[in-house]
Structures are given as C-alpha cells and as structure tokens.
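Coordinate inspection notes
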Amino acid sequence: RVVNNGWYLQGKENERFEENYSKFIGTKYTIGCANGLDALIWIFRAYIEMGIMQPGDEVIVPANTYIATILAITENGLKPILVEPKLNTLQLDEDRIEEVITPRTKAIALVHLYGRLAWKQKIADICKKYNLKLVEDNAQAHGCLTADGRMTGSLGDAAGHSFYPGKNLGALGDGGAVTTNDRELADTIRALANYGSQKKYVFKYTGRNSRLDEIQAAVLDVKLKYLLEDNAHRKEVARYYIENITNPLITLPDTMAYESNAFHLFPILCEKRDELHDYLEQNGVGTVIHYPIAPHKQECYKQWNSLSFPITEYIADHELSLPIGPTIPIEDVRTIVKLINEF
C-alpha cells in the first residue's frame, strides 16, 4: 500500500500510527522520529528552545541505564547527575534522589529498564515539590502499566520511545517517537526533527532531519495491534523462569505485578555470570549481558571513570539476560531452566 501510494515520508501512515499510538499510550500527542535516542534528544532540546532549561542545567538519571539516556542529556549541553539503582529492583532508587537535587536540577530522566516499571509515586511527588520535569525513557517498556492502569509513556511530562527491531514494538529498522500531553512541546519537537521547520522553507530552529518513514509507520501500526498479545507470551515465559529457577547461584530481581513488567528482557544476577554464559552457549542457548560496562566507566565519559557507583558496577559484573520474546516456545524455556538448575 505504501509503495503503490508513492508517498514515503510525513504522510497518512505516520498520521495513522501516531493517532493509534497516542490512544494506546494515553497521551494527546505522538511525534514519530528516526530512533529512540533522537526522541530523547528532542525532548531536552525542545525544553531548551522553550526556555525551560539551558545548557549547564542538571538532569538526574539512573547510573545503570543504557548509555542512550545519558547521551541525550550531554548532547544538549545538560549535566547528567548519576544516581544508583536499587539492587532488588534494578531501577532508580527513589530514596537517593533528593540528596542530589540542587538549584540547577531541572529534570529526572526515568528509565523503565528491561521493561520493568520504574515509576514510583515518590518520584512524581519529588518532581512536583521541586518543579522538575519527568522525562521517561520508555524504549524498553511498551505496554507496561502502573497499579492504577496508566501506561508508561504517559506518566511524566514527555517520553521517548524506541522501535528498534528487537523491542517489544519493533519496526523493520530504526524508528522512534515522543509522547506528551504538552502541545507546545509537541509542536517544537515536530519542527526540530524536520530541519527546524514548521512551515516549508521557513526555519524557526536549527534542527535536524529525524523522521519516521512511512513504511516503518505502517509496519508499526500493524504490529501495535498484536503488542499486548506478544507481551502476554513474554509474561508466560517470565512466569516459568520465576517459578522454576532454583539454582542458589542465581538471584532474580523482585517479582513485580505482571502488568507492571513488559518483560522486554529477563535479567538475572549470577556470581559466576561469565561461566554461566559460556555454559549455556555450549549447550545451544544464547544469552546477552546488559550492560557489561557501566556508563561512568565508558571511554566517552572518561571524566567520570574514577567515580564509584558500586551497585551499578555490581549489576554490570553480574547481569545476564535469558532468552525471552513473543516467539520462543515454552518447551525451549523448560530446557533452558533445566540447564540453569544443573549449572
């Protein structure tokens, strides 16, 4: 349909997907863009253009996130303030936030890492108390709910979403989006991601080209219809892992309400992580380490290399993600669990 139509950018497919995704997430606006990193970059850039933030302002962010969350902050000349997670949840420790707030703090970047709900009422209360923007990194948590039925991506002031092919809602290539209820923010982001233009050949901002193409929008709109069904299978896989892994060398993060976990990944912690990884691989089971080098230990942020975040570093040294997804047969999961328990 898209190919025969001959309209490949900024057309009806984007409009349709953006409308349907907004309904799904529960926000007024969705703005498609090139990828999840750009989605986060545009949120912070828009706040700068709107005069709400300025370079040098601080953004609180979990120390154990995927580096994209932090790249979006530094890309805009903002200062990331790294805060440790809780080891039992792997999510931002809400009890450590207030101690790092300064007059320059303007936002909290909340990451629903691994597909696990990171939102807490206390975090929302802190944002209200200190007048901070709550920016969600929802790259891994499509379809994840709070206890009262609100969806990640609608819990803060704005959210960045990734449609990388391996995500719960994945395109056939790169793609991303911003969701928000803020009309001015939405209009600013849409312009920034279109060369800075709100009207053809008229440029309000020095923007970039960061658009979701029509083919990807059409694919995503089809896959959106099956997202909750796919997530239900992920939960079935996760439930089997949770109920049947008994090896004392392995620690599972706290089991959440199943609605509050999209199970994008299934992370475990293991004292003999590298040996377990090799053992499973030798037995035909692929696993992935998310993420073996913490952001503050990366060469690109060498100014932080001497900082100490022991919980984040422990997770980096012990985390292993087991196979999970919408197509893995439960028979395979039984085999994986048997291998793990025999390790």
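Residues numbered from 1 in each chain as written. Predicted model: local features only at pLDDT ≥ 70, side-chain atom pairs only at ≥ 80, totals over all residues. Heavy atoms only, no water.

Moving on: the packing of helix H3 (residues 36-49) against helix H6 (residues 183-192). Between H3 and H6, the least distance of the axes is 9 Å, while the angle of their chain directions is 110°. Between H3 and H6, the crossing angle belongs to the class labelled roughly perpendicular. By crossing handedness, the relation of H3 to H6 is classed as right-handed. Side by side, H3 and H6 meet where Trp 42, Ile 43, Arg 45, Ala 46, Tyr 47 and Glu 49 of the first sit next to Leu 185, Thr 188, Ile 189 and Leu 192 of the second. (Axes fitted to C-alpha atoms, helices over the stretch in contact; angles between N-to-C directions. Helix = DSSP H or I, 4+ residues; strand = E, 2+ residues; numbered from the N terminus. Parallel < 35°, antiparallel > 145°, perpendicular 65-115°, else oblique. Left-handed = near helix turned anticlockwise from the far one by under 90°. Contact = heavy atoms within 4.5 Å.)

By definition, the strands of a sheet pair up through backbone hydrogen bonds, in either a parallel or an antiparallel sense. Read across the open sheet, the 7 strands follow the order S1-S7-S6-S5-S4-S2-S3; overall the sheet is mixed. A strand with exactly one partner marks an edge of an open sheet, and here the two such strands are strand S1 (29-33) and strand S3 (79-83). Taking the axes of each pair of neighbouring strands and ignoring which way they run, one obtains an average angle of 20° across the sheet. Here 5 bridges tie S1 to strand S7 (residues 176-180), and the two strands are oriented antiparallel to one another. Within S7, the residue paired with Tyr 29 across the bridge is Thr 180. Its contacts with the sheet put helix H2 (residues 12-25) on S1, strand S6 (158-162) and S7, and the angle it makes with S1 is roughly 125°. (Pairing = 2+ DSSP bridges.)

This part is about the pattern of salt bridges. Opposite charge on two side chains lets them pair, provided their charged atoms get close. Enumeration over the complete set of coordinates arrives at 20 salt bridges. Residues Arg 150 and Asp 148 are paired through a salt bridge, measuring 3.3 Å at the closest nitrogen-oxygen approach. Its relative accessible area of 32% is what places Arg 150 among the partly exposed residues. Shared partners join several salt bridges into a network, and the residues in it are Lys 86, Glu 94, Asp 95 and Lys 122. (Salt bridge = Lys/Arg side-chain N within 4 Å of Asp/Glu carboxyl O. Buried < 20%, exposed > 50% of the residue type's maximum accessible area, 1.4 Å probe, protein only.)

Before going further, it helps to examine helix H11 (residues 330-342). An ideal rise of 1.5 Å per residue puts 18 Å on 13 residues; H11 measures up with 18 Å between its terminal C-alpha atoms. Within H11, the full set of buried residues consists of Ile 330, Val 333, Ile 336, Val 337, Leu 339 and Ile 340. Against helix H8 (227-244), strand S10 (250-251), helix H9 (273-282) and strand S12 (319-322) lie the buried residues of H11. (Expected span 1.5 Å × (residues − 1).)

We now examine the environment of Ser 210. In this fold, Ser 210 is placed in the loop between strand S9 (202-203) and helix H7 (214-224). Residue class for Ser 210 comes out buried when judged on its relative accessible area of 1%. C-alpha of Ser 210 to C-alpha of Gly 143: the two residues are 67 residues apart in sequence and 24 Å apart in space. At 2.6 Å, the side chain of Ser 210 and the side chain of Asp 38 are in polar contact. (Polar contact = N/O pair within 3.5 Å; in protein donor to acceptor, adjacent residues only side chain to side chain.)

We now examine the sheet that holds S12. As summarised here, the arrangement of the 3 strands in space is S10-S11-S12, forming an open sheet in which the pairing is antiparallel. Strands at the two margins of the open sheet, each flanked by one partner only, are S10 and S12. As paired strands, S10 and strand S11 (residues 266-270) are joined by 2 bridges and run antiparallel to one another. Bridging across to S11, Thr 251 finds its partner in Leu 269. Across the sheet, H9 is in contact with S10, S11 and S12; its angle to S12 comes to roughly 25°.

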